[in-house]
Amino acid sequence: MNSVKISAQQKERVRAGILRSAERLFRKHGFAAASTRQIATAAGVATGTVFNYFPTKDDLGLALIQERLSRANQDFRSQRRGDESLDEDLFAYLWSCLKQLRPERRFAGEVLQRAALPGAAPDQNGSSFRLPYLMPVQETLTRHGVVLSALDSHLFAALWAGIATFWARDKSKDQEDTMIVLDRSMRLFARYVVKEGSGNETDGNN
Amino acid sequence: MKPTEIIEWLNTELPEQASYARELEALIWDLATKPVPTGRLMRSVPVVTAPMKAALVFGANWVSAALRSGTGKEERLKQGRIGAAMALLAAMAHLRGLFSKLGQVLANYPDVVPAEVAEALWNLNFQAPPLHFSLVREMLRNELGGDPENVFASFDTRAFAAASLGQVHRARLRSGEDVAVKVQYPNIGGTIRQDLANLRAVLSPLSLGTDRASLRDQLDDLTETLSMETDYENEANELGRARKLFEDDRDFAVPHVYREYSSKRVLVMDYLEGVHLDRFLTSEPTQAERDRYGTLILRSCMRLFYRARVVYSDVNPGNYIFMPDGRLGLIDFGCSRIFSDAEWEYSRQMHRAVRLGGEALRAGIRRSVTGSTTGIASDEYIAAIEDLNEWLQKPVRTAGPFDFGDTEYFKRGVEIITRMQTMGHFRYEPINLWYIRSFLSLRALLNRLDCKVDMHHEIEAESPPEMWV
């Protein structure tokens, strides 16, 4: 038992070391420019070891921003009134994510953009999105009675990836231009998924 | 292209399309006389404010002038610029409302206008959507440093009115006062600045053969004015000045601004109980009630002008509250402009010239359009300004109340101003643009109110004697 415990601690130390190195290099060079090899070297481990902990670089990036995304979800939940329309609900969650990620904008935009792509079909849990941080989006859609087709999920992913890219480069004060882009995009998306005859419902379904 | 330019273009280039021109004329009449909607926020948000309309007209003037002049290679070069200018004008999000109705009509007649104009007008079924509360919350956090639920005792999540560049919510302060909270659209100031910078870049090369300095002056004036409008602190100052000006007059109410809750993009002021013009008119007021409110509206304009040197660029129904206790509430000063000393002196000289008439008036006109009393302006243009002056002075020269409800009178003014705008004079004092818009919009409002007002008496009562010597 004692040796397992030490091993778990060591594993945690290695994982934390990789995350620290990755964070430093992502902040310095951006997400795409910092290679897994550089991260491994900086963390003092073999490149293969990095992949033992994080199967892809995207997973590494997401792990770095996960804590902030969890806080975003908490903020979103605590501020819901209950009478939001679908587009406002989606806006509120995603903007909450972007606000929490503001200090990591240098690389978080790229992480979000790359990680936004959905699975080809809903997974065994019925989610259209494979990433945990997009679960609140799924829950919001469900709350409004909206069921996404695979095509709808891709449309959302494309919009969100575009918004994340725009946000990463947005020079306007408090990224207000991104606020507008996100708002317009979610209005567009909400209109699209509640289109006539789709059976989907919209506002005030709480 | 400005509506009047489209009409002129149709009449001269495609006379067989005259019926379309008539339809357009009716449309322009609507645009000129119907108020910007302020009540039904969900239906339409009037982001088209007066200075923005002025920006549109200004840009279109240059475009149309370029269309009329030049040949061969120069013409083709200009056409490229014109296409870009039209696309830009159309893309100025805040102007799209004005163009949208025009676009709907013109879209039915694709052969009637140049392709680049039609294309620019085509993509205009745009109305800025109202901000939902999550956006309003972000703006308030950014500006006031806290959530509305924490800053205010209560805050209505739904807007009750649209305002210049934003929307208005009701709220209650922790100290108990009922307030109106005006929240600006996100980054609208930056958008306007960028639009104007682009407009300047595109229009400047078109000024070959015209007066570059005049173009620059007018663009500067427009830029300064629009940036003032995006600054609610400036509006708070104006409200403060106006409140002082009307504080001893029981016929008026000007809301107090709560500076500690206000910023450049959020304005918190007293909520004034009452209705806007539309609701007032549907209550079927008596002629005496209409005349009284018409008199108060005119009096407020005259007082602001003569005593505070302030002119509204657009005497908009949304600026006024018809209060249940009979007072007139003055609530919106975002579109006002204060005269500089030099402009005031110019204005005083024009007042004097108008009163004297004849050669004194013609010299004043020459100065206003050429910068010098001996400058050369076309007889046609001078005649048009004389007509305009006669039209403006008619209510002043009428003994007793003048019937502003006379639609023929108002139409005559629209005709004269339309004629002037098609003559392509661009060099004039920037303040003239404000004068004309203010004169026209005030008369349009009094026309809608269908009231009789003794304008001569009001001017005599409010203007200082030195104005006329």
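Residues numbered from 1 in each chain as written. Chains lettered and ligands numbered in written order. Predicted model: local features only at pLDDT ≥ 70, side-chain atom pairs only at ≥ 80, totals over all residues. Heavy atoms only, no water.

(A) Fine view of the overall build of chain A. When you go through chain A residue by residue, the secondary structure sums to nine helices and zero strands. Scanning chain A from its N terminus toward the C terminus, one meets helices and strands in the order α-α-α-α-α-α-α-α-α. For chain A, the proportion of its 206 residues judged to be buried stands at 45%. Within chain A, counting contacts between residues at least 6 apart in sequence, those at least 24 apart form 70% of the total. (Helix = DSSP H or I, 4+ residues; strand = E, 2+ residues; numbered from the N terminus. Buried < 20%, exposed > 50% of the residue type's maximum accessible area, 1.4 Å probe, protein only. Contact = heavy atoms within 4.5 Å.)

(B) Quick peek at the sheet that holds strand β9 (residues 328-330) of chain B. All names here are of chain B. Read from one edge to the other, the open sheet built from three strands follows the order β5-β9-β8, with strand pairing classed as mixed. Sheet topology places β5 (252-253) and β8 (320-322) at the edges, where each strand pairs with a single neighbour. In the sheet, β5 pairs with β9 via two bridges, with the strands oriented parallel. Bridge pairing links A253 to G329 in β9. (Pairing = 2+ DSSP bridges.)

(C) Expanded view of the side chain of A:T178. Considering the arrangement of structural elements, one finds A:T178 in helix α9 (residues 176-193). Apart from residues lying up to four places away in sequence, A:T178 is in contact with A:W95, A:L98, A:I163, A:F166, A:W167 and A:D170.

(D) Summary view of the environment of B:F402. Residue and element names in this part refer to chain B. By the element assignment, F402 lies in strand β11 (residues 402-403). The class of F402 is buried, set by a relative accessible area of 7%. Taking C-alpha positions, F402 is 9.0 Å from H456, a pair spaced 54 residues apart along the chain. Among residues more than four places away in sequence, those in contact with F402 are K394, P395, Y409, C451, K452, V453 and D454.

(E) A look at the pairing of strand β3 (residues 166-172) of chain B. All names here are of chain B. Counted residue by residue, β3 has five buried out of seven residues, so it is predominantly covered. Sheet topology places strand β1 (residues 154-155) next to β3; two bridges connect them, and they run antiparallel. Counterpart to S154 in the pairing with β3 is R172.

(F) Just the confidence of the model for chain B, in detail. On average, residues of chain B carry a pLDDT of 72, and 59% of them reach 70 or more. Under a pLDDT of 50 for its full length, residues 13-71 of chain B has, in the predicted model, 149 contacts with residues more than four places off or in other chains. (pLDDT = per-residue confidence, 0-100.)

(G) Region of interest: the nonpolar core. Within the largest apolar cluster, 135 residues are counted, with the highest numbers of intra-cluster contacts made by A:W160, B:V181, B:I297 and B:Y320. Residue contributions to this core peak at 10 residues, all from helix α13 (residues 287-308) of chain B. In this structure, B:V354, B:I365, B:Y381 and B:I385 belong to the second largest nonpolar core, which totals six residues. (Core = buried A, V, L, I, M, F, W, Y, C linked by side-chain atoms within 4.5 Å.)

(H) The arrangement of the pattern of salt bridges in detail. Scanning the entire structure with this criterion turns up 41 salt bridges over all chains. Residue A:E139 pairs with A:R77 through a salt bridge whose shortest N-O separation is 2.7 Å. Here A:R77 lies in helix α4 (residues 57-79) and A:E139 lies in helix α7 (residues 135-143), a separation of 62 residues in the sequence. Here B:R412 ties to B:D387 by a salt bridge, and the two come within 4.0 Å at their closest N and O atoms. Separated by 25 residues along the polypeptide, B:R412 in helix α17 (residues 407-421) and B:D387 in helix α16 (residues 379-397) bring together distant segments of the chain. For B:R412, a relative accessible area of 38% translates into the label partly exposed. Of the residues examined, B:D387 reaches a relative accessible area of 22% and is grouped as partly exposed. Because the salt bridges share partners, they merge into one network encompassing A:R80, A:R81, A:D83, A:E84, A:E88, A:D89 and A:R143. (Salt bridge = Lys/Arg side-chain N within 4 Å of Asp/Glu carboxyl O.)

(I) A look at the pairing of strand β6 (residues 266-270) of chain B. Residues and elements named next belong to chain B. For β6, the buried fraction is high: four of the five residues fall into the buried class. Pairing between strand β4 (residues 178-184) and β6: five bridges, direction antiparallel. Looking across to β6, one finds that V183 is bridged to V266.

(J) Region of interest: the interface of chain A and chain B. Taken together, the contact pairs 18 residues of chain A with 19 residues of chain B. Together chain A and chain B conceal approximately 1600 Å² of surface at their shared face, both sides included; 46% is due to carbon and sulfur atoms. The largest per-residue losses of area from chain A upon contact with chain B belong to A:Q79, A:E176 and A:M179, which jointly make up 29% of the total buried on that side. Our enumeration of links across chain A and chain B arrives at three salt bridges. Linking chain A with chain B are seven residue pairs in polar contact (both at pLDDT 80 or more). (Buried area = accessible area lost by both parts, 1.4 Å probe. Polar contact = N/O pair within 3.5 Å; in protein donor to acceptor, adjacent residues only side chain to side chain.)

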